[in-house]
Amino acid sequence: MLSAQPAYALARATFKRAQRGLFGGKHIQFGNNNPFSKKKTRRNWLPNVQNKKLYSDALQRFFELKVTTSVLRTIDKKGGLDKYLLETKDKNLASNKAVELKSLLLKQQKKAEVSA
């Protein structure tokens, strides 16, 4: 039986901040500091998040997003924000903001097809 939740909710649980940007599945990692004295203390590693203005060719505007550096490299590889959002599955986007932007792009594409 299918779940009533959106597809991205079925992916691995993300932390709250990742819902407001493009984190590409990056999570907080946990482990130990292990100094010379071998006295281990708990610590965490946060994803490398940058604030960036990314341009959407289809929507012809800039979006200010919190983006991890790995997603920035992927956006460059795919050839822009629009292609990244359209070619990535919703569950791999794993963020409300990304799915919202993707739906805006799809609406814009349908509008362009109808007018053409």
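A.B. asks: What is the right way to look at the pattern of salt bridges in this model?
C.D. replies: Opposite charge on two side chains permits pairing when their charged atoms draw close. Evaluation of the coordinates by the stated rule reveals two salt bridges. The closest approach of N and O atoms between Glu87 and Lys78, which form a salt bridge, is 3.5 Å. Overall, the relative accessible area of 29% leaves Lys78 in the partly exposed class. Residue Lys102 pairs with Asp90 through a salt bridge whose shortest N-O separation is 3.2 Å. Linking Lys102 in helix α4 (residues 96–115) with Asp90 in helix α3 (residues 90–93), this pair joins segments that are twelve residues apart in sequence.

A.B. asks: Just checking my understanding: could you explain the side chain of His27 for this structure?
C.D. replies: Relative to the helices and strands, His27 is located in the loop between β1 (21–22) and β2 (29–33). Reaching out from His27, the side chain makes a polar contact with the backbone oxygen of Gly25 at a distance of 2.6 Å.

A.B. asks: Can you help me understand the sheet that holds strand β4 (residues 49–56) in this one?
C.D. replies: Taken in spatial order, the three strands make up an open sheet running β1-β5-β4, and their pairing is mixed. A single partner strand is all that each edge strand has here, and the edge strands are β1 and β4. In the packing of helix α1 (residues 69–78) onto the sheet, contacts are made with β1, β4 and β5 (61–68), and the angle to β5 comes to roughly 130°.

A.B. asks: Help me understand unusual backbone geometry, please; the structure alone is not making it clear to me.
C.D. replies: Keep in mind that most residues, glycine aside, have a negative phi and that most peptide bonds are trans. The backbone of Lys38 sits at a positive phi, close to 65°, despite the residue not being glycine. By relative accessible area, Lys38 is classed as exposed at 57%. Phi is positive for Gln60, close to 50°, though the residue is something other than glycine.

A.B. asks: Mind showing me how you'd approach α1 here?
C.D. replies: Side chains that are three or four residues apart share a direction in an α-helix, a result of its 3.6 residues per turn. The complete set of buried residues in α1 reads Ser70, Val71, Leu72 and Ile75. Residue Gly79 follows α1 closely and has a positive phi angle near 105°.

A.B. asks: What's the story with α4 in this structure? I'm lost.
C.D. replies: Taking 1.5 Å per residue as the helical rise, α4 with its 20 residues ought to reach 28 Å, and the 29 Å between its terminal C-alpha atoms agrees with that figure. Where α4 is concerned, the buried positions are Ala98, Val99, Leu101, Lys102 and Leu105. Buried residues along α4 cover an arc of 160° about the axis, so they all sit on one side. Away from its buried face by more than 90 degrees, α4 exposes Lys107, Lys110, Lys111, Val114 and Ser115. Taken together, the buried residues of α4 touch β1, β4, β5, α2 (81–87) and α3. The N-terminus of α4 is capped by Ser95, whose side-chain oxygen sits 3.3 Å from the backbone nitrogen of Lys97.

Rules used throughout
Residues numbered from 1 in each chain as written. Predicted model: local features only at pLDDT ≥ 70, side-chain atom pairs only at ≥ 80, totals over all residues. Heavy atoms only, no water. Salt bridge = Lys/Arg side-chain N within 4 Å of Asp/Glu carboxyl O. Buried < 20%, exposed > 50% of the residue type's maximum accessible area, 1.4 Å probe, protein only. Helix = DSSP H or I, 4+ residues; strand = E, 2+ residues; numbered from the N terminus. Polar contact = N/O pair within 3.5 Å; in protein donor to acceptor, adjacent residues only side chain to side chain. Pairing = 2+ DSSP bridges. Contact = heavy atoms within 4.5 Å. Axes fitted to C-alpha atoms, helices over the stretch in contact; angles between N-to-C directions. Expected span 1.5 Å × (residues − 1). Arc of directions from axis to C-beta.

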